[in-house]
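Inside the fold
Next come the chains, spelled out residue by residue.
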Amino acid sequence: MLNIVIFGAPGSGKGTQSAKLIEKYGLKHVSTGDLLRAEIKANSPLGQMAESYMSKGQLVPDEVVIGMLDELIKKNSDVEGFIFDGFPRTLEQGKALDEMLEKNGQSISLVLSLEVKDEELVERLLKRGEISGRSDDNRETIESRLKVYYDQTAPLKEFYRRQGKLHEIYGEGSIDDIFAAMEKVIDSFAQ
Ligand code: AMP
């Protein structure tokens, strides 16, 4: 099993690089953002609740996302491995993920952290907002998402560094060069 966390600030390229990783390594993609947006689209009670946080750039409560993941991991016990994209986003979620995997005799193999400077992140997110029309890609929400990232999510880097799993990847430059840097880390782990 190869379980990868793709980590980084909003706009660091997690979704783009996850798509390439899935194609090459055949992993099951788990994006909590995508799962939550699907709930909003379906207008479910969970979606309505999540939207009130997402539209402000805040995190959806831990117990909600952890519950979603618990179910998903149980349902996919036969996969080659997972790529977690946008989860975990808090220390609580990180600890819960370790426990959920452990229950199934698994663990996180690697954490790939995409490092991109703030100005570049803002520029990318504004551009994405124009193209995709994602409602949280506007200047005000982007600023709160970045603050939330530094306050609540970035401490996870230390959590994974202490476990010896953190690999920082320079996340600027071409998509292919960034992917090549990730491949190098994964392939040396998998050997
Ligand atoms: P993303 O598509 O990963 O950028 O996520 C979009 C939004 O969904 C975030 O700004 C949060 O409001 C919410 N979200 C996604 N993943 C999580 C998570 N793991 N924990 C809490 N909120 C999340």
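This text follows the structure it describes.
This text gives an overview of the structure that appears in the document. Note that residues are indexed from 1 along each chain, following the sequence as it is written. Restriction of local features to residues with pLDDT of at least 70 applies here, the model being predicted, together with a cutoff of 80 or more for giving and counting side-chain atom pairs; totals for whole chains, interfaces and linings are based on all residues. Side-chain measures were taken over the full set of non-hydrogen atoms in the model, leaving aside hydrogen atoms and water.

Turning our eyes to something else, we now look at the site of the ligand. Near the ligand, the surroundings consist of 15 residues, among which Thr32, Arg37, Gln58, Arg89 and Gln93 are the closest. At a separation of 3.0 Å, a nitrogen atom of the ligand approaches a polar backbone atom of Gly86. Two N or O atoms form a polar contact when they lie within 3.5 Å of each other; inside protein one atom must be a possible hydrogen donor and the other a possible acceptor, and for residues adjacent in sequence the pair counts only when both atoms belong to side chains. Interatomic distance of 2.9 Å between a side-chain N/O atom of Gln93 and a nitrogen atom of the ligand. Surface burial for the ligand is 95%, taken as the share of its 480 Å² of free accessible area covered by protein chains. Per the convention used, a helix needs a DSSP run of H or I reaching at least four residues, while a strand needs a run of E reaching at least two, with both numbered from the N terminus. No other element matches the four residues that helix H2 (residues 32-41) contributes to the shell around the ligand. Here the term charged refers only to Asp, Glu, Lys and Arg, the term nonpolar to Ala, Val, Leu, Ile, Met, Phe, Trp, Tyr, Cys and Pro, and the term polar to all other amino acids, Gly among them. For the shell around the ligand, the residue count by class is six nonpolar, five polar and four charged. For each residue, the test is whether any non-hydrogen atom lies within 4 Å of the molecule or strand; if one does, the residue is near. Using a 1.4 Å probe, the Shrake-Rupley method yields the accessible areas, and only the shown protein chains count as cover for residues.

As a further point, take the sheet that holds strand E2 (residues 28-31). When DSSP locates at least two bridges between a pair of strands, those strands are taken to pair. Sheet architecture is open: five strands sit in the order E2-E3-E1-E4-E5, paired in parallel fashion. At either end of the open sheet lies a strand with only one pairing partner, and these are E2 and strand E5 (166-170). Across the sheet, the mean angle from the axis of one strand to that of its neighbour is 20°, orientation sign disregarded. In this structure, E2 lies alongside strand E3 (residues 82-85), joined through four bridges in parallel fashion. Counted as the bridge partner of Val30 is Phe84 from E3. The strands touched by H2 within the sheet are E2 and E3, with E2 carrying the most contacts at an inclination of about 65°. Between two residues, a contact is recorded if the distance between any of their heavy atoms is within 4.5 Å. Structural elements are reduced to axes, namely lines fitted to C-alpha atoms, with helices fitted over the stretch in contact, and the angle between N-to-C directions of any two is expressed from 0 to 180 degrees. Against the sheet, helix H4 (residues 62-75) makes contact with E2 and E3, and its axis sits at roughly 165° relative to E3, the strand it touches most.

Buried residues are those whose accessible area, probed at 1.4 Å on protein chains only, stays under 20% of the maximum for their type, while exposed residues exceed 50% and partly exposed ones sit between those limits. The buried fraction of strand E4 (residues 110-115) amounts to five of the six residues, a majority that puts the element mostly inside the structure. Pairing analysis gives five bridges linking E4 to E5, with the strands arranged parallel. The residue of E5 that forms the bridge with Leu114 is Ile169.

Our focus in this paragraph is the pattern of salt bridges. One speaks of a salt bridge when a side-chain nitrogen belonging to Lys or Arg is within 4 Å of a carboxyl oxygen belonging to Asp or Glu. This structure, assessed with the given rule, holds 17 salt bridges. Measuring nitrogen to oxygen at the nearest pair gives 2.9 Å for the salt bridge that ties Arg37 to Asp34. Within this pair, Arg37 and its partner Asp34 are both found in helix H2, separated by three residues, close to a single helical turn. Between Arg124 and Glu120 there is a salt bridge whose closest N-O contact spans 3.0 Å. Here the residue Arg124 and the residue Glu120 both occupy positions in helix H6 (residues 118-132), the gap between them amounting to four residues, near one helical turn. We classify Glu120 as partly exposed; its relative accessible area is 25%.

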